[in-house]
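The chain contents come next:
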Amino acid sequence: MKCKSELQQFKVSTQLSMLGRNPDEQSGFVNAPIYRGSTVVYKSCEDIRNKKAKFSYGTAGTPTIENLENAWSILANAAGTVISPSGLGALALALFSVTQAGDHILVTDSVYRPTRNFCNSLLTKYGVSVTYYDPLLGGDIERLIQKNTRVILLECPGSQSFEVQDIGAIVSVAKRYNISTIIDNTWATPLFFKAHEHGIDLSVEAGTKYLSGHSDLLMGVVSANASHWPALRAAYDAMAMLPGAEDCFLALRGLRTMHLRVKEAEARGLEIANWLKIQPEVSRVLHPAFEECPGHENWKKYFTGSTGLFSIILKDRFNLNNVDDMLDNMRIFGMGFSWGGFESLIIPFDCTEYRTATQWAPEGMALRLQIGLEDIDDLKQDLSDGLKRLYNR
Ligand SMILES: *Cc1c(COP(=O)(O)O)cnc(C)c1O
């Protein structure tokens, strides 16, 4: 791979084309080979004693993993990156790297639900206490800081509910109190939000989504700024929570087209969201680029784009049965978790039962949509037919 300073002279699409490969070392082939393996053999006892080899054992890294780590560090403008086998695993790694028994952490109430489960189970079990905060409280987060508060975990926009936080205000409070910040940046990706340039210490990406882009991969990425990189790498090395070689290969392949897919997701997401906004069955559209989205002004302030995932609230006259009729019979939109692939998805959701710092009480049923690469008119037709089925019962 070309060195960091050389690559940083280029625009992002050029970088994505060149990152993580070096034909000069690959017998001229454009893409890097896949290195699999546990054992690395040494030439001499002296080499073992002096730890001379760049690679020492499979869990300590391979050229394939390193290609992806280095590529992401350049894209995210980070001091270092580790890759884990899932987005949730990456969040766990990030949290373990900055907490110890007796610490207190602040977590956004809009956080991805499995992250909340990790905090409430394993982290709590190891002696870390957790307070959830209203994602819209901005600088007032200062009031929730305790003597032992070590971490603020942000997610922007919120999973399912799409609140956009005042990242700058929260980061400046965190810096004043010497508190580490972690953001789940999966929705925007480093293409639309450069977390470290906004003062965030650790940025997590579920590579499962837009890095993969094809719903055929589970992967997590954590990038760190210089002050947080040693602890992150140490946590990773202690746990050996590393990805498989083929998965890194797929992720590197995904990286080449990520900017195209994400920009396309933005355009299509906006087109469908604007269309849904004027349908009589829809009460509100929760899309960060829309004024009616909570925290929209923060999206304008910090983000350079939007992607293809957003939610809608239906009018209050429709109930669970109506929504079942709509969703059970979609012809293109699939029903399933995850997102960021080529295919469109729609799922109902309800945050009522697990929120603790804020109340989720929308006026009607809530649906989350991921807009894929199918023909836009076909997608509108599928949604239009679906909205008509809301009246069936
Ligand atoms: C999907 C997702 C994750 C977790 O990624 P997995 O690879 O499925 O574990 C984390 N955060 C957000 C915002 C996600 O959408």
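Read on for an overview of the structure. All values derive from a computational prediction rather than experimental measurement. (Residues numbered from 1 in each chain as written. Predicted model: local features only at pLDDT ≥ 70, side-chain atom pairs only at ≥ 80, totals over all residues. Heavy atoms only, no water.)

If you walk through the whole model with that rule in mind, you get 14 salt bridges. Residue arginine 113 pairs with glutamate 353 through a salt bridge whose shortest N-O separation is 3.5 Å. Of this pair, arginine 113 sits in helix α6 (residues 113-125) while glutamate 353 sits in the loop between β10 (345-349) and β11 (366-370), and the two are 240 residues apart along the sequence. Here arginine 113 falls in the partly exposed class, since its relative accessible area comes to 40%. (Salt bridge = Lys/Arg side-chain N within 4 Å of Asp/Glu carboxyl O. Helix = DSSP H or I, 4+ residues; strand = E, 2+ residues; numbered from the N terminus. Buried < 20%, exposed > 50% of the residue type's maximum accessible area, 1.4 Å probe, protein only.)

Moving on: the state of the cysteines. Applying the stated criterion across every chain yields a total of zero disulfides. With no disulfide of its own, cysteine 156 has cysteine 293 as its nearest cysteine by sulfur position, at a separation of 10 Å. The exposure class assigned to cysteine 156 is buried, which follows from its relative accessible area of 0%. (Disulfide = S-S within 2.5 Å.)

Moving on to unusual backbone geometry. Cis rather than trans, the peptide bond between cysteine 156 and proline 157 has omega equal to -10°. Here proline 157 shows up in the loop between β4 (149-155) and α7 (167-176). Within the chain, threonine 189 stands out as a residue other than glycine whose phi angle is a positive 60°. Mapped onto the secondary structure, threonine 189 falls in helix α8 (residues 189-192). Look at serine 338: it is not a glycine, yet its phi comes out positive at around 65°. Turning to its location among the elements, serine 338 is positioned in the loop between α12 (320-328) and β10.

A few words on the sheet that holds β10. The four strands are arranged β8-β9-β11-β10 in an open sheet whose pairing can be described as antiparallel. Edge strands, defined here as strands with exactly one partner in the open sheet, are β8 (282-286) and β10. With direction set aside, neighbouring strand axes in the sheet form an average angle of 25°. Note that β8 and strand β9 (residues 309-314) share four bridges and pair antiparallel. Bridge pairing in β9 links leucine 286 to serine 311. Helix α10 (residues 245-277) contacts β8, β9 and β11 of the sheet and is inclined by roughly 5° relative to β9. On the sheet, α12 packs against β9, β10 and β11 and is oriented at approximately 165° with respect to β10. (Pairing = 2+ DSSP bridges. Axes fitted to C-alpha atoms, helices over the stretch in contact; angles between N-to-C directions. Contact = heavy atoms within 4.5 Å.)

Contact geometry for α12 and helix α13 (residues 376-389): axes closest at 8 Å, N-to-C directions at 150°. Viewed along their axes, α12 and α13 adopt a mutual orientation that is roughly antiparallel. The hand of the α12/α13 crossing is right-handed. Contact residues: Asn322, Asp325 and Met326 in α12; Gly386, Leu387 and Arg389 in α13. (Parallel < 35°, antiparallel > 145°, perpendicular 65-115°, else oblique. Left-handed = near helix turned anticlockwise from the far one by under 90°.)

Here seven strands make up an open sheet; going across it, the order is β1-β7-β6-β5-β4-β2-β3 and the pairing mixed. Only two strands of the sheet have a single partner each, and these edge strands are β1 (80-84) and β3 (129-133). Averaged over all pairs of adjacent strands, the angle between their axes in this sheet comes to 20°, without regard to strand direction. Sheet analysis places strand β2 (residues 104-108) next to β3, joined by five bridges and oriented parallel. Across the sheet, leucine 106 pairs through a bridge with threonine 131, a residue of β3. Sheet strands touched by α7: β3, β4 and β5 (180-184). Its angle to β4, the strand with the most contacts, is close to 170°.

What follows deals with the site of the ligand. Around the ligand, the structure places 15 residues, and the nearest of them are Gly87, Leu88, Asp184, Thr208 and Lys209. Between the ligand and leucine 88, the relevant distance is 2.9 Å, taken from an oxygen atom to a main-chain nitrogen or oxygen of the residue. In terms of residue class, the shell around the ligand is made up of seven nonpolar, five polar and three charged. (Near = heavy atom within 4 Å. Polar contact = N/O pair within 3.5 Å; in protein donor to acceptor, adjacent residues only side chain to side chain. Nonpolar A, V, L, I, M, F, W, Y, C, P; charged D, E, K, R; others polar.)

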